[in-house]
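The lines below spell out each chain.
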Amino acid sequence: MRQWLSLHAQAMRHVIARLRKNMLATFMMWCVMGITLSLPGVLYIAIDNLNRVAGSVQSEPQISLFLKLDIQPDAIADIKKRLSDHAEVAGYRFVSKQDAWEELKKNSGLGSISDLEQNPLPDAFFIQPKGSNPEAIEGLQHELQQWPGVELAQLDATWIKRLYAVLELGRKAVLILAVLLGFALLAIIGNTIRLQVVTQLDEIEVSKLIGATDNFIRRPFLYAGTFYGLGGGLAALVFLLGITLLFNSSTAEIARLYSSDFNLHFLDFFSSLSLIFIAALLGWIGSYTAVNRSLRRLGK
Amino acid sequence: MIVFDQVSKRYPGSQEVLRNVSFEIQSGDMVFVIGHSGAGKSTLLKLIAATERPTSGTVLIGNQNVSKLRPAAIPYLRRKFGLVFQDHKLLYDRNCYENVALPLYINGITGSEAGKRIRAALDKVGLLGKEKALPITLSGGEQQRLAIARAVVSRPSILIADEPTGNLDEGYASEIMGLFHAFQQVGVTIIIATHDISSIDSQAAVLQLNQGQLEDWRRSARQASAETVQP
């Protein structure tokens, strides 16, 4: 165990010394990785924020509750009471059949409507549900449909479904972009490590001849790859933070003009951590495949 | 300790470099492998050091059959050997201390224990004052001695040297032979390939190769006397 630890500590020291010797190259590598990682990162932040906006819009999804034509006034009062008590209802507006009739006569501009003998319109409630989760709203709609005296509960949710569909598409785009750029990173790191292997071929050959295991030879390269990944992940976080701050200075102005408190949110702690972790993992995998290929070519 | 039984070696696209070679080296012997260049000396040493595998026949190192070892076990076998290469194979981007440290690091030995051993090895070859020097600044003889220090620092039981006095003038050559004798005194088996017959000591065993075949096999005085004592 102690030997194992000392082997690792030694490989790490070796790698850090080597990275410091090539500080500029290491720095460039981090920047390249950071930029590559921040592309899907920016898109992710955009989607994430759109999602927040969608979540904060409460006024729009609306359920129209049309009552039966022959409903009694005390039944209407009962529905009013049930709506005020309902946990998922944020607010409601009652439009009586007379009001609706007057409104229609006033606004339609159709003179012939006034000639109708009977008011064809029902009493209606317009309900704002709490939250914007389409499933919850749909559940509420089904529930309201079952209430006595209700003829039809109509959900005006197509626009929110569309928004969620677009967000879903955006999320897929982030995923595809991330996967593609992940492969690009593997290639970049793999190539860098391969070049390092080539410059240290003498050392590898001698080490093998005097009894180094493949693990011993691989170890410093794996550390180097992981360090590249870690640094690249951190660089990406810094870039993303910079981009968010830059955007916020102008979004704040726009939001103020629209008298809203909208603000771009940065990645949360967990997402930041996974970004760094994924970057380090990519570094490890990239260097592992590169070193293995070189070891196999050295053979014996 | 080292047994060759009907060993042949053929590289792809060439004739047999070694043909049906059989011999046995006792622990603690000093063995010279001689022959013209191209006789197969280097190949023989590589087979002993398990850096090559025989095409046919068996090579036993301390009762382990090299051809049957798993690839993962080969590095551990190689750690029994100290190797001095014909072309030194020093690392020119590292100083003397770090060059000698390499075998210890491979064995997972670091820190003060490693430092002690490295200085002892450098001291033995007379390079203690040059710890920080880069190998390129050393003379040919010093580079050779540095290579020997690296070969012995991990205290191997077998020391294998390919033409260790090859490019050196006589003074250096006898100095280095003296080093090998000193190691033999403490029980290390020494195997040296050379074309310099004058450096061979009359007590040592001699393997003479000619075009891949064992032409002559003179056993060491030690071994011969041991056999007469117990018939």
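Let me sum up the structure you'll find in this document. Being a predicted model, the structure only gives us computed values, none of them experimental.

**What about the overall build of chain A?**
Right, so step 1: A count of helical and extended segments in chain A gives nine helices and four strands.
Right, so step 2: In chain A, the succession of helices and strands from N to C terminus is α-α-β-α-β-α-β-α-β-α-α-α-α.
Right, so step 3: In terms of C-alpha radius of gyration, chain A reaches 32 Å, well past the compact-globule figure of 19 Å for 300 residues.
Right, so step 4: On the principal axes, the C-alpha backbone points of chain A span a range of 105 × 40 × 35 Å.
Right, so step 5: Buried residues in chain A amount to 27% of all 300 residues.
Right, so step 6: A separation of at least 24 residues holds for 85% of the contacts in chain A among residues at least 6 apart in sequence.

**Here we look at the overall build of chain B**
Right, so step 1: Looking only at helices and strands, chain B features seven helices and ten strands.
Right, so step 2: In summary, chain B has a C-alpha radius of gyration of 18 Å against a globular reference of 17 Å for 231 residues, a match within 12%.
Right, so step 3: Once the C-alpha set of chain B is aligned to its principal axes, its extents read approximately 50 × 40 × 40 Å.
Right, so step 4: Each of the 231 residues in chain B was classed as buried or not, and the buried ones make up 42%.
Right, so step 5: Taking the intrachain contacts of chain B between residues at least 6 apart in sequence as the baseline, contacts between residues at least 24 apart amount to 68%.

**Some remarks on the interface of chain A and chain B**
Right, so step 1: If you look at the interface, chain A gives 15 residues, while chain B gives 14 residues.
Right, so step 2: Grouping the amino acids of the side of chain A that touches chain B by side-chain chemistry returns six nonpolar, six polar and three charged.

**So, the sheet that holds strand 5 (residues 64-65) of chain B**
All names here are of chain B.
Right, so step 1: With respect to topology, four strands assemble into an open sheet ordered 2-1-4-5, the strand pairing being antiparallel. Each having just a single partner strand, strand 2 (16-25) and strand 5 make up the two edges of the open sheet.
Right, so step 2: Sheet analysis places strand 1 (residues 2-10) next to strand 4 (residues 56-61), joined by five bridges and oriented antiparallel. For Val 3, the partnering residue across the bridge sits in strand 4 and is Leu 60.

**Here we look at the environment of Ile 45 of chain A**
Residues and elements named next belong to chain A.
Right, so step 1: Along the polypeptide, Ile 45 turns up in helix 2 (residues 23-56).
Right, so step 2: Taking the C-alpha atoms as reference, Ile 45 lies 29 Å from Ala 224; in sequence the two are 179 residues apart.
Right, so step 3: With residues near it in sequence (within four places) discarded, Ile 45 still touches Leu 240, Thr 244, Leu 264 and Leu 267.

**Things to note about helix 3 (residues 96-106) of chain B**
Given 3.6 residues to a turn, an α-helix orients residues that are three or four positions apart in the same direction.
Right, so step 1: For helix 3 of chain B, the tally of buried residues reaches nine of eleven residues, placing the bulk of the element in the interior.
Right, so step 2: Where helix 3 of chain B is concerned, the buried positions are Cys 96, Asn 99, Val 100, Ala 101, Leu 102, Pro 103, Leu 104, Tyr 105 and Ile 106 of chain B.
Right, so step 3: Looking at the buried positions of helix 3 of chain B, the neighbouring elements they touch are helix 1 (2-21), helix 7 (201-209) and helix 8 (214-257) of chain A together with helix 4 (111-124) and helix 5 (140-152) of chain B.
Right, so step 4: Directly beyond the C-terminal end of helix 3 of chain B, a positive phi value near 80 degrees is found at Gly 108 of chain B.

**Some points on the packing of helix 5 of chain B against helix 6 (residues 170-185) of chain B**
Residues and elements named next belong to chain B.
Right, so step 1: Look at helix 5 against helix 6: their axes get within 10 Å of each other, and the N-to-C directions meet at 10 degrees. Put simply, helix 5 runs roughly parallel to helix 6. Residues Gly 141, Gln 144, Arg 145, Ile 148 and Val 152 of helix 5 form the contact with helix 6, whose participating residues are Tyr 172, Ile 176, Leu 179 and Phe 183.
Right, so step 2: Split by residue class, the contact of helix 5 with helix 6 holds six nonpolar, two polar and one charged.

**Here's the deal with the pairing of strand 1 (residues 62-67) of chain A**
Two faces belong to every sheet, and in a regular strand the side chains alternate between them.
Residue and element names in this part refer to chain A.
Right, so step 1: Residues Ile 63, Leu 65 and Leu 67 of strand 1 are buried on one face, while the alternating residues Gln 62, Ser 64 and Phe 66, pointing to the opposite face, are not.
Right, so step 2: Relative to strand 3 (residues 124-129), strand 1 is paired through four bridges, and the arrangement is antiparallel. Each bridged residue has a counterpart across the sheet, and for Ile 63 the counterpart in strand 3 is Ile 127.

**So, the pairing of strand 7 (residues 158-162) of chain B**
Residue and element names in this part refer to chain B.
Right, so step 1: Counted residue by residue, strand 7 has five buried out of five residues, so it is predominantly covered.
Right, so step 2: Neither face of strand 7 is left uncovered, since the one carrying Ile 158, Ile 160 and Asp 162 and the one carrying Leu 159 and Ala 161 both have all their residues buried.
Right, so step 3: Bridging between strand 6 (residues 81-84) and strand 7 involves four bridges; their strand directions are parallel. For Leu 83, the partnering residue across the bridge sits in strand 7 and is Ile 160.
Right, so step 4: In this structure, strand 7 lies alongside strand 8 (residues 189-193), joined through five bridges in parallel fashion. Across the sheet, Asp 162 pairs through a bridge with Ala 193, a residue of strand 8.

**Describing the sheet that holds strand 10 (residues 213-218) of chain B**
Residue and element names in this part refer to chain B.
Right, so step 1: Read across the sheet, six strands follow the order 6-7-8-3-9-10 without closing on themselves; strand pairing throughout is mixed. Each edge of the open sheet carries a strand with a single partner, namely strand 6 and strand 10. Adjacent strand axes in the sheet meet at a mean angle of 15 degrees, parallel and antiparallel pairs treated alike.
Right, so step 2: Each of strand 3 (30-34), strand 7, strand 8 and strand 9 (205-210) is contacted by helix 1 (residues 41-48), which is oriented at about 150 degrees to strand 8, the strand it contacts most.

**Examining the environment of Gly 170 of chain A**
Right, so step 1: Secondary-structure assignment places Gly 170 of chain A in helix 6 (residues 158-199).
Right, so step 2: Along the backbone, Gly 170 of chain A and Met 23 of chain A are 147 residues apart, and their C-alpha atoms lie at a distance of 38 Å.

Calculation rules
Residues numbered from 1 in each chain as written. Chains lettered and ligands numbered in written order. Predicted model: local features only at pLDDT ≥ 70, side-chain atom pairs only at ≥ 80, totals over all residues. Helix = DSSP H or I, 4+ residues; strand = E, 2+ residues; numbered from the N terminus. Rg over C-alpha atoms; globule rule 2.2 N^0.38 Å. Buried ≥ 20, exposed ≤ 12 C-beta atoms within 10 Å, placed from the backbone. Contact = placed C-beta atoms within 7 Å. Nonpolar A, V, L, I, M, F, W, Y, C, P; charged D, E, K, R; others polar. Pairing = 2+ DSSP bridges. Axes fitted to C-alpha atoms, helices over the stretch in contact; angles between N-to-C directions. Parallel < 35°, antiparallel > 145°, perpendicular 65-115°, else oblique.

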